[in-house]
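# Working through the structure, step by step
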Amino acid sequence: MPRRRDAEVAIHCSDLSIARVARGGSTARVIDGVSFVLEHRAALALMGPTGAGKSSLAAVLAGADESGLAVVGGTAHVEGIPVRRPGRAHRLLTYYCGHLPQSAGARLPARLTVGEVIGEPITSRDRRVNQRALAVRVSALLDEMMLPLGVAAKYPYELSAGMRQRVAIARALVLQPRVLIADEPFANLDVEVRKAVRDAILRRRHDFGMAALVVTNDAEVVRELDADVLVLRGGHAVAYGHGTRDLLWTPSAEADRRLVGS
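These notes cover the structure that comes with them. (Residues numbered from 1 in each chain as written. Predicted model: local features only at pLDDT ≥ 70, side-chain atom pairs only at ≥ 80, totals over all residues. Heavy atoms only, no water.)

## What about the packing of aromatic side chains?
One pass over the structure, following the stated rule, counts 2 aromatic pairs. Considering the side-chain rings of tyrosine 95 and tyrosine 96, the 6.0 Å spacing of their centres and the 55° angle between planes classify their relative orientation as tilted. Residue tyrosine 95 is classed as partly exposed on the basis of its relative accessible area of 34%. For the pair tyrosine 155 and tyrosine 157, a centre-to-centre distance of 5.9 Å together with 15° between the ring planes defines the contact as stacked. Classification of tyrosine 155 by relative accessible area gives partly exposed; the value is 29%. Looking at arginine 194, its charged tip hangs above the ring of phenylalanine 186, at a distance of 5.1 Å from the centre. (Phe/Tyr/Trp six-rings, centres within 6.5 Å; stacked < 30°, edge-to-face > 60°. Buried < 20%, exposed > 50% of the residue type's maximum accessible area, 1.4 Å probe, protein only. Lys NZ or Arg CZ within 6 Å of the ring centre and 35° of its normal.)

Below you can see the structure in the form of structure tokens.
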């Protein structure tokens, strides 16, 4: 059964602008006036060239601690929580959001075992957690990600890139998030494993009403997730629609159709 919700939508952005503050105090806009709505159970793919601001937008919405990024205009709410100065609600924001950052598999804590890495979002909030129940949850996620249960006792550096990526995905899903914000979730995954990860996302959307915001330039990912698409260029939204073949483009962006034609 879907969870009861307080917010009408998963994510609501209105004229959102984000800047990166450099040393010396200078600022550069990385997102400028972006608006969109992501409904519960739905999926949205952020597409666009390198430097378009996709990863910065995803990080801010997830409440990630990204040094130098700040909301400088407009509003954004994730599950009803404002991302601009959320105050004490920041902890709740990071609980509701499962965040898979860019190159997540390569950024896993080196001194923790895989089991500890996956369970850390829980143990960091409650050190008195039932360890047996946690081990069962970690084992279920490993199985869902097509990883052998023995991996739980290993360290990330002992795994391949594809296995580390699956560990990072399991970590992002361990709290049964209301919103998954994932930056290139299918990186380094072969076809069979990719299908398992896709099914894990779809299952949570269907069973729990989870919404998914995915950064990708892979049209196949959009098709697999039956996602809406928001195309960014230079921090601006230049196209929006369902799938890659049903987009409404701004007049100046017609030449960028190649970005979603693969």
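What follows continues from the structure just given.
## Brief notes about the layout of surface pockets
Approximately 660 Å³ is the volume attributed to the largest pocket. If you go around the largest pocket, you meet 26 residues; those closest to its centre are Thr94, His99, Glu120, Pro121 and Arg171. Only α2 (90-96), β6 (97-100), α3 (114-123) and α5 (161-173) provide two or more residues apiece to the lining of the largest pocket. In terms of residues, the lining of the largest pocket owes the most to one element, β6, which gives 4 residues. The class makeup of the residues in the lining of the largest pocket is 13 nonpolar, 6 polar and 7 charged. (1 Å grid on protein atoms, 1.4 Å probe; cavity = no way out; pocket = protein on both sides within 12 Å on 5 of 7 lines; lining within 4 Å. Points joined across faces, edges and corners; volume = space filled by probe spheres on them. Helix = DSSP H or I, 4+ residues; strand = E, 2+ residues; numbered from the N terminus. Nonpolar A, V, L, I, M, F, W, Y, C, P; charged D, E, K, R; others polar.)

## Here's the deal with the sheet that holds strand β11 (residues 247-249)
The strand order across the open sheet formed by 7 strands is β6-β7-β8-β3-β9-β10-β11, and the pairing between neighbours is mixed. This sheet does not close on itself; its edge strands, each paired only once, are β6 and β11. Within this sheet the neighbouring strands show an average axis-to-axis angle of 15°, counted without direction. Here 4 bridges tie strand β3 (residues 43-47) to strand β8 (residues 211-215), and the two strands are oriented parallel to one another. The partner of alanine 45 across the bridge, within β8, is valine 214. Contacting β3, β6, β7 (179-183), β8 and β9 (228-233), helix α1 (residues 54-61) runs over the sheet at an angle of about 150° to β8. (Pairing = 2+ DSSP bridges. Axes fitted to C-alpha atoms, helices over the stretch in contact; angles between N-to-C directions. Contact = heavy atoms within 4.5 Å.)

## Some points on the sheet that holds strand β1 (residues 11-21)
Neighbouring strands of a sheet are bound in pairs by backbone hydrogen bonds; such pairs are parallel or else antiparallel. Read from one edge of the open sheet, 4 strands run β2-β1-β4-β5, paired in antiparallel fashion. With one partner strand each, in any of the chains shown, β2 (27-38) and β5 (81-82) form the two edges of the open sheet. Across 8 bridges, the pairing between β1 and β2 is antiparallel. Each bridged residue has a counterpart across the sheet, and for leucine 16 the counterpart in β2 is valine 34. Strand contacts of α1: β1, β2 and β4 (69-78), with the helix running at about 115° to β1, the strand carrying the most contacts.

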